[in-house]
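Residue-level listing of the chains:
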Amino acid sequence: MKKLISVLLALSLMFSFSVVSYAASSPLSESELQEKYKDLAGTSINVYNWGEYISDGSEGTMNVNEEFEKLTGIKVNYTTYSTNEDMYTKLKSGGAAYDIVIPSDYMIQRLIDEGYLQKINFDNIPNYKNIMDEYKGLYFDPQNEYSVPYNVGMVGVIYNKTVVKGNPTSWSLMWDEEYKGQILQFNNPRDGFASAMFLLGIDVNTEDKAEWKRAYQKLVEQKDVLQSYVSDEIYNKMEAGDAAIAAYYAGDYLLMKENNPDLEFYYPEEGTNIFVDSMCIPKSSRNKEAAELYINFLLSEEVALANAEYLYYATPNKAVINNDNYSLKGNPILYPAKEDMPKTQYYHNLDQETLSLMTSLWSELKIEGTSNTAVYIGLGTTAGIGLAAIVYVTIRKKKREKLYDE
């Protein structure tokens, strides 16, 4: 539990929610809020979010959805996805009507372009004032009409200092033959290709087919040194010392280090991805006003602080940044000093031809193999190749429970 114990003690009095406490951070009067809740009480909203991406009440943390239900009388039907692409497919299929989704920047741009999102009524989100200006007017929503920032992060390289020599600074560590069999690569195409593109000096948003194929060849070269492609199973592998090198998200590194102090982290000198995950309302929403109240609730200082402490991602919420109880304030991994800030690029939505090429190349890399069969000589057993093709479905909860049980 470590630092969380003191944080939870300090915040325990703040987590008794009522209309009065919520109104204190809103320009709406208490009576206006009560009237809104009265009108919407008994209704429900469908929230679709990343797995383990909200404070859920485990180990004494705030159960955000439960508190919202107590305050408003609005039931939250909460389901999760593991990738932006999974969320997109579900939304596109029309199989379910969601009131809230929380995609990453490039996917928000795609959803806007394809007409899947509707404009937000910010009159119902007075706590939007808590969002820092640097996270407003971003490329994927330049007029601040469709999205409200939720979390911020960057990608870096995690390594075990008892295995890796020296102080690495480059993406090239992910290709180092000295650590063959101890390297983990992302199990999603956008991040996987980006690692090769940053190393090669390629724009991660290029639509040049030749550049994507060049990055593909670099990933083919990497297969010989990889242990596997991973998603959330990275936590157990890195914490247990079963792997020594992996690219992943900065906030998750901090959680891993709680369990394995031998883990270190750096932002590669060639540059890396920065991302903003934001709350959006699909056109399929059947309870838009309740969805806007939910967004406003998540932006209130107490709730945003609970989420920031639980998730370990950087927050775009200045009320949290200015809160003396925020234990991660000034953390050099989440909030690098200006002189230490790495070169960064946002992923942008790609045209359909480039998206299809990326998907095809990734499938060829992971599952179907490649026509250049000589490249695969020395990859190991057929079982090893099969393992690399498995899409693991695990959630952070298992890792987090392990952390809290210490």
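Keep in mind that what you see is a predicted model, and the values were worked out from it rather than measured.

Criteria and thresholds
- What you see as residue numbers is a count from 1 along each chain, following the sequence as written.
- Where totals are concerned, whole chains, interfaces and linings use all residues; where local detail is concerned, this predicted model gives features only for residues with pLDDT of at least 70, and gives and counts side-chain atom pairs only at 80 or more.
- Side-chain metrics in this entry use all non-hydrogen atoms of the structure; hydrogen atoms and water are not considered.
- Here a strand is any run of E in DSSP of at least two residues, a helix any run of H or I of at least four, and the numbering for each starts at the N terminus.
- A 1.4 Å probe rolled over the protein chains alone gives each residue an accessible area, and that area as a share of the maximum for its type sets the label: buried under 20%, exposed over 50%, partly exposed in between.
- Any two residues whose heavy atoms approach within 4.5 Å are treated as being in contact.
- The method behind every accessible area is Shrake-Rupley, applied with a 1.4 Å probe, and residues are considered shielded solely by the protein chains displayed.
- Between N-to-C directions, angles cover 0 to 180 degrees, with each direction set by a line fitted to C-alpha atoms, over the stretch in contact for helices.
- Angle categories are assigned with fixed cut-offs, so that under 35 degrees is roughly parallel, over 145 is roughly antiparallel, 65 to 115 is roughly perpendicular, and the rest are oblique.
- Each crossing gets its hand from how the near helix is turned against the far one by less than a right angle, where anticlockwise is left-handed and clockwise is right-handed.
- Each residue is assigned to one of three groups, with Ala, Val, Leu, Ile, Met, Phe, Trp, Tyr, Cys and Pro labelled nonpolar, Asp, Glu, Lys and Arg labelled charged, and all others, Gly among them, labelled polar.
- Directions drawn from the helix axis to the C-beta atoms are what define this arc.
- Pairing of aromatic side chains requires ring centres within 6.5 Å, counting the rings of Phe and Tyr and the six-membered ring of Trp. Pairs whose planes differ by under 30 degrees are stacked, by over 60 edge-to-face, and all others tilted.
- For the purposes of these results, a polar contact is taken to be a pair of N or O atoms within 3.5 Å, where, inside protein, one atom must be able to donate a hydrogen and its partner to accept one; residues adjacent in sequence count only when each atom of the pair is a side-chain atom.
- Salt bridges are defined by distance alone: a side-chain nitrogen of Lys or Arg within 4 Å of a carboxyl oxygen of Asp or Glu.
- What makes two strands pair is DSSP finding at least two bridges between them.
- By convention, orient the strands away from the viewer: a clockwise path from the first strand over the helix to the second makes the crossover right-handed.

Visitor: Whenever I open this one, the overall build of the chain confuses me. Can you help?
Guide: Looking only at helices and strands, the chain has 16 helices and 10 strands in total. Taken over 406 residues, the chain has a buried fraction of 57%. Contacts in the chain between residues far apart in sequence, at least 24 positions, make up 75% of those at least 6 positions apart. Counting every atom, the chain has about 16,600 Å² of accessible surface; 50% of that belongs to carbon and sulfur.

Visitor: In this structure, what is going on with the packing of helix H4 (residues 64-72) against helix H11 (residues 288-299)? I would like to understand it.
Guide: A pair of packed helices can be characterised by two numbers: the angle between their axes and the separation between those axes. Following both chains from N to C, one finds H4 and H11 inclined at 120°, their axes separated by 11 Å at the closest point. By the angle class used here, H4 and H11 are oblique. In terms of crossing hand, the pair formed by H4 and H11 is right-handed. Packed against H4, whose contacting residues are Val64, Asn65, Glu67, Phe68 and Leu71, the element H11 presents Ala290, Leu293, Tyr294, Phe297 and Leu298 at the interface. Across the contact of H4 with H11, the residue classes tally to eight nonpolar, one polar and one charged.

Visitor: So what exactly am I meant to see when it comes to H4 here?
Guide: Since there are 3.6 residues in each turn of an α-helix, residues three or four apart along the chain are aligned in direction. Buried residues of H4: Val64, Asn65, Glu67, Phe68, Leu71 and Thr72, and no others. For H4, the angular spread of the buried residues around the axis is 160°, confining them to a single face.

Visitor: Mind showing me how you'd approach the packing of aromatic side chains here?
Guide: Where two aromatic rings form a pair, the distance of their centres and the angle of their planes describe that pair. Considering all chains together, one arrives at 27 aromatic pairs under this definition. Consider the rings of Tyr48 and Tyr81, whose centres lie 4.8 Å apart with planes at 70°: the pair is edge-to-face. Remark: Tyr81 occurs in strand S2 (residues 75-81) and Tyr48 occurs in strand S1 (residues 44-50); sequence separation between them is 33 residues. Of the two residues examined, Tyr48 and Tyr81, each falls in the buried class.

Visitor: Looking at this structure, how should I read the side chain of Ser55?
Guide: Within the secondary structure, Ser55 is located in the loop between S1 and H4. Excluding residues that lie within four positions of it along the chain, Ser55 makes contacts with Thr61, Met62, Asn63, Val64, Ala306, Asn307 and Tyr310.

Visitor: Mind showing me how you'd approach the environment of Tyr267 here?
Guide: Here Tyr267 is to be found in the loop between strand S8 (263-266) and strand S9 (272-279). When the C-alpha atoms of Tyr267 and Val157 are compared, they prove to be 6.4 Å apart, with 110 residues separating the residues in sequence. In this view, Tyr267 contacts Met154, Val155, Gly156, Thr169, Ala250, Thr272, Ile333, Pro336 and Pro342; residues no more than four positions away in its chain are not counted. Within the structure, Tyr267 has its side chain in polar contact with the backbone oxygen of Ile333 (distance 2.6 Å).

Visitor: How do you make sense of helix H12 (residues 301-311) when you look at a structure like this?
Guide: Of all 11 residues that make up H12, 10 are buried, and the element is covered over most of its length. Buried within H12 we find Glu302, Val303, Ala304, Leu305, Ala306, Asn307, Ala308, Glu309, Tyr310 and Leu311. Immediately downstream of H12, the backbone of Tyr312 shows phi near 70°, a positive value.

Visitor: Looking at this structure, how should I read the pattern of salt bridges?
Guide: Where charged atoms from two side chains of opposite charge come close, those side chains can pair. Scanning the entire structure with this criterion turns up 13 salt bridges. As a salt-bridge pair, Lys218 and Glu221 come within 3.4 Å of each other at their nearest N and O atoms. Of this pair, Lys218 and Glu221 both sit in helix H8 (residues 209-222), three residues apart, which is roughly one turn of the helix. Linking Glu292 and Lys288 is a salt bridge whose minimum nitrogen-to-oxygen distance equals 2.5 Å. Within this pair, Glu292 and its partner Lys288 are both found in helix H11, separated by four residues, close to a single helical turn. Given a relative accessible area of 2%, Glu292 falls into the buried group. A network of salt bridges, in which partner residues are shared, links Lys161, Lys257 and Glu264.

Visitor: Sorry, what's going on with the pairing of S1 here?
Guide: Successive side chains on a regular strand alternate, one facing one side of the sheet and the next facing the other. The buried count for S1 comes to five of seven residues, which makes it a mostly enclosed element. Note that S1 and S2 share seven bridges and pair parallel. Bridge pairing links Ile45 to Val76 in S2. Between S1 and its parallel partner S2, the chain crosses via H4, and the hand of that crossover is right-handed. In this structure, S1 lies alongside strand S3 (residues 100-101), joined through two bridges in parallel fashion. If you follow Tyr48 over to S3, its bridge partner there is Val101.

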